[in-house]
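What follows is each chain in one-letter form.
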Amino acid sequence: RFASTNVGPNVYEVEVAEEGFKAVRQHVDLSMFCRTELPPIMLEREGDVVSQPAGATVSADELRIPEKARKAFAKGVRELHEKNRADRSVEHFREAIALYPEYDLAYMQLGLAFVQQGDLAAAEENLEKSTELNGKNARAFVLLGIVHERQGRISDSLRVLREAVRIEKTDWLGH
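Conventions adopted
Within any chain, residue numbers begin from 1 and follow the written order of that chain's sequence. Reporting of local features is limited, given that this is a predicted model, to residues whose pLDDT is at least 70; pairs of side-chain atoms are given and counted only at 80 or more, and all residues count toward the totals for whole chains, interfaces and linings. Only heavy atoms go into the side-chain values, all of them from the structure, while hydrogens and water stay out. The axes are straight lines fitted to the C-alpha atoms, using for helices just the contacting stretch, and the angles between their N-to-C directions are given from 0 to 180°. Working definition: helices are DSSP H or I runs of at least four residues, strands are E runs of at least two. Numbering for both runs from the N terminus. Each angle receives one of four descriptions, namely roughly parallel if under 35 degrees, roughly antiparallel if over 145, roughly perpendicular if within 65 to 115, and oblique otherwise. For any pair of crossing helices, the crossing counts as left-handed if the nearer helix is rotated counterclockwise from the farther one by less than a right angle, and right-handed if it is rotated clockwise. Note on definitions: a residue-residue contact is assigned when non-hydrogen atoms from the two residues lie within 4.5 Å. When residue character is reported, Ala, Val, Leu, Ile, Met, Phe, Trp, Tyr, Cys and Pro are called nonpolar, Asp, Glu, Lys and Arg charged, and the others, Gly included, polar. Planes of paired rings set the category: under 30 degrees apart is stacked, over 60 is edge-to-face and the rest tilted, where pairs are Phe, Tyr or Trp rings (Trp by its six-membered ring) whose centres lie within 6.5 Å. Between buried and exposed lies partly exposed: a residue is buried under 20% and exposed over 50% of the maximum accessible area for its type, with that area taken using a 1.4 Å probe on protein chains only. A helix is expected to reach a length of 1.5 Å times the quantity of its residues less one. Salt bridges are identified by distance alone: a Lys or Arg side-chain nitrogen within 4 Å of an Asp or Glu carboxyl oxygen.

### Quick notes on the packing of helix α4 (residues 104–117) against helix α5 (residues 120–133)
Helix packing geometry: the angle between the two helix axes and the distance between the axes. Between α4 and α5, the shortest axis-to-axis distance is 8 Å and the interhelical angle comes to 160 degrees. Between α4 and α5, the angle is such that the two are roughly antiparallel. The two elements α4 and α5 meet at a crossing, and its hand is left-handed. Contacts between α4 and α5 pair Asp 104, Tyr 107, Met 108, Leu 110, Gly 111, Phe 114 and Val 115 from the former with Ala 122, Ala 123, Asn 126, Leu 127, Lys 129, Ser 130 and Leu 133 from the latter. Partitioning the contact of α4 with α5 into residue classes produces 9 nonpolar, 3 polar and 2 charged.

Structure (structure tokens):
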């Protein structure tokens, strides 16, 4: 377990090195627009046979997403968050959605790309679709609240932000 304060929202590369374990390097997305639950960084003992850790799980929703859709989504995330090219990310998120129309995270990231481009109407449309597909994605509700606030729709903003806090009580951004 690890905790840190004063870490800004961004995508970080975390390297974990511990005596008796193989070093691991992994990208960790702490951007304000990612899921609040981050994947664990699994350490493997030196000399161990690679195997699935006991109790490791993958959500059924993730298993339903076709590999091509996941790859297109990953390309969009790289363009949007690592290369800061929102315009180029849009095509990848749209491809992911075309391959898997229930891809709530792709709609959410597409909404974020439109926010960065200043197209609040398109952002709102995609974020609403994301929240329809996954009513438990607090981050999509937070983004939608931000869009409503930028549109001057304060009561709508408060309504969706309250929903975000109801879903994820500890999410600082929702508060």
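Once you've had a look at it, read on.
### A closer look at the packing of aromatic side chains
A ring pair, where both rings are aromatic, is described by two values, the distance of the centres and the angle of the planes. Within the structure shown, the criterion is met by 3 aromatic pairs. Ring geometry for Phe 73 against Phe 93: centres 5.7 Å apart, planes inclined by 55 degrees, an arrangement best described as tilted. With a gap of 20 residues between them, Phe 73 in helix α2 (residues 67–82) and Phe 93 in helix α3 (residues 86–99) connect regions that are remote in the sequence. With respect to burial, Phe 73 and Phe 93 carry one shared label: buried.

### Quick notes on unusual backbone geometry
Located in the positive-phi region is Asn 84, a residue other than glycine, with phi close to 55 degrees. The topology assignment puts Asn 84 in the loop between α2 and α3.

### Examining helix α7 (residues 154–167)
Taking 1.5 Å per residue as the helical rise, α7 with its 14 residues ought to reach 20 Å, and the 20 Å between its terminal C-alpha atoms agrees with that figure. Buried residues along α7 sit against α6 (138–150).

### A few points about the packing of α5 against α6
It is the contact of α5 with α6, at a shortest axis distance of 9 Å, that shows an interaxial angle of 150 degrees. Looking at the two axes, α5 sits roughly antiparallel to α6. Between α5 and α6 lies a crossing whose hand is left-handed. Contact with α5, carried on its side by Leu 120, Ala 123, Glu 124, Leu 127, Glu 128, Ser 130 and Thr 131, involves Ala 140, Phe 141, Leu 143, Leu 144, Val 147, His 148 and Arg 150 of α6 and no other residues of that element. Tallied by class, the residues present in the contact of α5 with α6 amount to 8 nonpolar, 3 polar and 3 charged.

### Here we look at α5
The end-to-end C-alpha separation of α5 is 20 Å, in line with the 20 Å expected for 14 residues at 1.5 Å each. The secondary structure elements touched by the buried residues of α5 are α4 and α6.

### Quick notes on the pattern of salt bridges
Following the criterion strictly, the structure yields 7 salt bridges and no others. Between Arg 153 and Glu 124 there is a salt bridge whose closest N-O contact spans 2.7 Å. With Arg 153 in the loop between α6 and α7 and Glu 124 in helix α5, this residue pair connects regions lying 29 residues apart in the sequence. On the basis of relative accessibility, which here comes to 29%, the residue Arg 153 falls in the partly exposed class. In this structure, the salt-bridge partner of Asp 156 is Arg 153, at a minimum N-O distance of 2.9 Å.

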